[in-house]
Each structure stands twice: as C-alpha cells, then as structure tokens.
Amino acid sequence: MNADDMKKSVALKALEQVKPLLAEDVVIGIGTGSTANYFIDALGEYAMDFKGAVASSQASADRLKACGIDVFELNETGSLPVYVDGADEFDPQLNLIKGGGAALTREKIVAQACQRFICIVDASKQVDVLGAFPLPVEVIPMARSLVARAMVKLGGDPVYREGVVTDNGNQILDVHGLNIQDPKQLEQQINNIPGVVCNGIFALRPADVVLMSTPDGVDERRPL
Ligand code: 5RP
C-alpha cells in the first residue's frame, strides 16, 4: 500500500463512523489537507443525506462545494456532532500538532465546536513526544519578529514560512527543535504571546479518537 492508498483507507474508515450521524438537519465539520481531501471526496456520494459542512479552510470549502456538499459558516450552525481532520503528529494522549497546511486557526475553532473529533492519519504521524514536526504558529504580520524572539526564549528555532498567507491574512512561523513535554502548558504559554493568533498544539482540545492507517489496516487509538 502506498502513502495515498493509506490516506484513502483511513478516510473511508472515518466515513463508516460518520455515516450513522448523517441526517437532513446535520452539519458536520471538515478539516484540511491531503487526508481530509480523501474524506471529502468519499463523502460526496452522501451529499444528499445531510445538510452540509463547516470547512476549516477555503481550500476545503471549495472542494466540498465541488463534491456537491453545501458549506455553512460556523456562526450559522450550532455545535457540530463530529469533526474529521488530519494531523501532523499525535501522541499517546491524542494531543496533536496541526497546521502543516496553514489552516490551524480555523481547525482549532472547528475542533472546539464539535462534540467528537475524529483524527485521520497514517502511522508516520505517531510519536511519543510532540515536537519533531516543526510547530506552526500563526502570527499577526507586524508581530512576526517579536513572536520569533519569544519562541527562541522558549528553546525553539522559528522559521518564517515565506510566501504563505493564511485564510485569515496572517503569517506562519514554523518552530523547530521544541521537545513538548507538557503540551497543554506550552499551548497556553504560546497563546499568551502578543501577536500570536493560534499555535498548532491541540492539547486543550485533543482528538477523541485517532484512526491510524498502517500497511495491515486501520488502528483505532483512544487516549491512554
Ligand atoms: C492542515 C493540517 C493537516 O491536517 C495536516 O497538515 C495533515 O495534512 P495531511 O493529511 O496532508 O498529511 O493541520 O493545517
């Protein structure tokens, strides 16, 4: 099985868990990235079975619409029964690093709004301690250097993701070299730096379940 086959198989597994929740008045949350794209493509077949989706990025909103799925603003919906999204890393407590696709802020908002967060990944995303994947931090442009200096003080090595502007008009720092022993604490600490819009640690609201694709099938992980 190649990498794309693994992404597709975990997306289909997530769809099996989501299908029983679909109904004409139901709006679900949809994430961003190549694995989420496989989920969107498979979900298209069921477009007539539910009301629509809230998307965590413009790219996903465009893809959903192309699949015939109506897209809603979160402000128009209540709490979402389920949110399906990928991740860049997950640990045994199902804390995540997200934001490789620069959509972390909207992803964190949709994750917060959902009752059940199903994270879909392949086995390469599994770690004991978060931080090997450079931590994305979305910053207000005028604060980029200020935030970068603060990240150096926290032991990180921030790199400006040049040429990337988020859906919110902001910039991304990718912070290398962090060994994230206490994800909740670091998530809050980075959030408190003026100019930070959001950081890619998802520990205050982790995943409820991680579906992990392996060459032998899809494993279901719950928090240890
Ligand atoms: C986008 C994300 C993605 O979920 C993450 O980067 C994983 O993407 P992929 O499924 O392509 O590996 O956080 O901001």
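This write-up is about the structure you can find in this document. Keep in mind that what you see is a predicted model, and the values were worked out from it rather than measured.

**Re the site of the ligand**
Phase 1 of the analysis: Looking at the ligand, there are 16 residues lining it, with Ser34, Thr35, Asp88, Gly99 and Lys125 nearest.
Phase 2 of the analysis: Between Ala103 and the ligand, the recorded distance is 3.2 Å, taken from a backbone N or O atom to an oxygen atom.
Phase 3 of the analysis: Alone, the ligand offers 380 Å² of accessible surface; in the complex the protein occludes 90% of this.
Phase 4 of the analysis: Residues of the shell around the ligand, tallied by class, amount to three nonpolar, eight polar and five charged.

**As for the nonpolar core**
Phase 1 of the analysis: By size, the foremost hydrophobic cluster in this structure holds 27 residues, and its most contacted members are Ile28, Phe39, Leu43, Ile118 and Ile120.
Phase 2 of the analysis: Going through the elements one at a time, helix H1 (3–18), strand S1 (27–30), helix H2 (34–43), strand S2 (52–55), helix H3 (58–66), strand S6 (117–122) and strand S12 (209–214) are the ones with two or more residues in this core.
Phase 3 of the analysis: Ranked by residues supplied to this core, first place goes to H1 with five residues.

**Notes on the sheet that holds S12**
Phase 1 of the analysis: Ordered by their spatial adjacency, six strands build an open sheet running S2-S1-S3-S6-S12-S13, and the pairing between neighbours is mixed. At either end of the open sheet lies a strand with only one pairing partner, and these are S2 and strand S13 (217–221). Pairwise comparison of adjacent strand axes, ignoring direction, gives a mean angle of 25° for this sheet.
Phase 2 of the analysis: Examined bridge by bridge, S12 and S13 share five bridges and lie antiparallel to one another. Bridge pairing links Met212 to Asp219 in S13.
Phase 3 of the analysis: Packed on one face of the sheet, H1 meets S1, strand S3 (83–85), S6, S12 and S13 and runs near 145° to S12.

**Points about unusual backbone geometry**
Phase 1 of the analysis: The residue Leu94 is not glycine, and still its phi comes out positive at about 70°.
Phase 2 of the analysis: Relative to the assigned elements, Leu94 resides in the loop between strand S4 (89–90) and strand S5 (96–97).
Phase 3 of the analysis: Backbone geometry at Ala102 places phi at a positive 70°, although glycine is not the residue there.
Phase 4 of the analysis: Overall, Ala102 belongs to the buried group, its relative accessible area being 14%.

Basis of the calculations
- Residues numbered from 1 in each chain as written.
- Predicted model: local features only at pLDDT ≥ 70, side-chain atom pairs only at ≥ 80, totals over all residues.
- Heavy atoms only, no water.
- Near = heavy atom within 4 Å.
- Polar contact = N/O pair within 3.5 Å; in protein donor to acceptor, adjacent residues only side chain to side chain.
- Areas by Shrake-Rupley, 256 points an atom, 1.4 Å probe, with all protein chains shown as cover.
- Nonpolar A, V, L, I, M, F, W, Y, C, P; charged D, E, K, R; others polar.
- Core = buried A, V, L, I, M, F, W, Y, C linked by side-chain atoms within 4.5 Å.
- Buried < 20%, exposed > 50% of the residue type's maximum accessible area, 1.4 Å probe, protein only.
- Helix = DSSP H or I, 4+ residues; strand = E, 2+ residues; numbered from the N terminus.
- Pairing = 2+ DSSP bridges.
- Axes fitted to C-alpha atoms, helices over the stretch in contact; angles between N-to-C directions.
- Contact = heavy atoms within 4.5 Å.

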